[in-house]
Amino acid sequence: MSSAPAAKPRTAPPLRLVSHAGPPLGLIFASIGGLVAIAVGVLHLDRLPIALCYVKVLTGLPCPSCGSTRALGRLFALDVAGAFAMNPLATFGAFVLAAWAVADLALLPWRRALGVEVGPPLGSALRAAAVVVLLANWAYLVAAGR
Amino acid sequence: MHPPGPPQAWDDRNRIGLATAFVETTRQVLTAPTAFFRSMPVTGGVGSPLLYAVIAGWIGLAAAAFYQAIWVSIVGPAALPFGLDSGELGFVLKWMESWAGLIAQVVFGGVSVVITVFVGSGILHLMLLLLGGARRGFEATFRVVCFSQATTLLMLIPLFLIPFCGLAVVAWCLALYVIGLAQAHQIGYGKSLAAVLLPLVALCCCCVGLALTFAGAIASLVGQMP
């Protein structure tokens, strides 16, 4: 007598892209980023003659987000390599955001938006990875003298 | 899970009227924030809390711009830091202090409030994700930031006449964030305090809005992380 093989319990993938009924946040944030980019490009906010960063003024070292305004200025001028040189993480974030906005735009006719579901084991790993990436980016900014 | 409590005044505005709901919500947020944020629903769409934030923020901005214009007309325009008094930025900064600038600030104030609450929510939610405190989705953080805009109504008081009053308003707003995030995400006050203070301590004002617009945006994509 043969018995059917026991079905393996289905486990949810650790990271899943989903469409949900919420607001298109990617599109909203990308629009804000676009407005800021226009302001930086038109008003030349990336070429101010003074340092507005109090961390840099007090310590002489850049803060973890220093260089992002200049990176956006380079992106406005379509200088991608220059943007990565100014602040790699902020530039990478801008590209991820652009891709997310495109996905939201594609889902908009169905009144859906893109979301990400993260499984429990991956959550801690992602958190640790984010801290490492932030510190590595900061180390680069310090080394590059941003 | 949040127990389904009685409807909040703001959610009940169709029945009790917009003005009454606005005043009552503001009173609750400013005088009993813990109870307010504990009973606040954390889902239901971003439109309703955003409407509250726009009304409160717009009133505060308009009042601040009005007082600033009066101040400038009495004492003259503020001297801009070295190097900022020329070029396009210098022109815009000077123009913002004029009466035409006041009108522009009032007209476009609502847009700046929308941008501020989205960027602020993104930053705070990113910090919560990093600290393991995002037990609810992005909307919970967004609602806390929106209703905390109640503090901008204090701009109706001519704060420039009272030393350190402006600083007190900012501190009150940050305190509302701490209380609100702790209640909405059901986390400890230590974690919510860290989420609020971390961007202020580690990142500078000039870049933080920009860099974390992207980072915060991506954080809201994840929503919640176990």
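Calculation rules
- Residues numbered from 1 in each chain as written.
- Chains lettered and ligands numbered in written order.
- Predicted model: local features only at pLDDT ≥ 70, side-chain atom pairs only at ≥ 80, totals over all residues.
- Core = buried A, V, L, I, M, F, W, Y, C linked by C-beta atoms within 7 Å.
- Buried ≥ 20, exposed ≤ 12 C-beta atoms within 10 Å, placed from the backbone.
- Helix = DSSP H or I, 4+ residues; strand = E, 2+ residues; numbered from the N terminus.
- Contact = placed C-beta atoms within 7 Å.
- pLDDT = per-residue confidence, 0-100.

Trainee: Residue-level account of the nonpolar core, with values.
Mentor: Formed by 66 residues in total, the largest nonpolar core has its most connected members in Leu124(B), Val144(B), Cys146(B) and Leu181(B). Here this core gets eleven residues from one element, more than from any other, and that element is helix 6 (residues 99–131) of chain B. Excluding residues within four positions of it along the chain, Val144(B) makes contact with Phe37(B), Tyr177(B), Gly180(B), Leu181(B) and Ala184(B). Among the nonpolar cores identified, the runner-up in size contains five residues, and Cys53(A), Val55(A), Cys63(A) and Leu141(A) belong to it.

Trainee: Describe unusual backbone geometry, and please don't skip the residues or the numbers.
Mentor: Residues and elements named next belong to chain A. Positive phi values are uncommon outside glycine, yet Leu 78 reaches one of about 60 degrees. Here the phi dihedral of Arg 111 falls at roughly 55 degrees; this positive angle occurs in a residue that is not glycine. The residue Arg 111 is located in the loop between helix 5 (88–107) and strand 2 (113–118) in this model. Looking at Arg 111, the number of C-beta atoms within 10 Å reads 11, which means it is exposed.

Trainee: Could you give me a rundown of helix 3 (residues 68–76) of chain A, with the residues and numbers involved?
Mentor: Residues and elements named next belong to chain A. Across the nine residues that make up helix 3, a large majority, eight, are buried. Residues of helix 3 that are buried: Ser 68, Thr 69, Arg 70, Ala 71, Leu 72, Gly 73, Arg 74 and Leu 75. The first or second residue beyond helix 3 is Leu 78, which carries a positive phi of 60 degrees.

Trainee: Before we move on, can you summarise the environment of Ala62(B) with the specific residues and values?
Mentor: All names here are of chain B. As for its position among the elements, Ala 62 is in helix 4 (residues 47–75). Placed 44 residues apart in sequence, Ala 62 and Val 106 show a C-alpha to C-alpha distance of 5.2 Å. The residues contacting Ala 62, other than those within four sequence positions of it, are Val 106 and Gly 109.

Trainee: If you had to explain the confidence of the model for chain B to someone new, which residues and values would you point to?
Mentor: Low-pLDDT stretches of the model should not have their predicted coordinates read in fine detail. Across chain B, pLDDT averages 79, with 71% of residues at or above 70. On the interface metric, ipTM, the complex scores 0.75, and its pTM is 0.78.

Trainee: Kindly report on the confidence of the model for chain A, identifying the contributing residues and their values.
Mentor: Counting all residues, the mean pLDDT for chain A is 84, and 89% of those residues have values of 70 or more. Ranking the elements of chain A by mean pLDDT puts helix 2 (residues 54–59) of chain A last with 79 and helix 4 (residues 80–86) of chain A first with 94.

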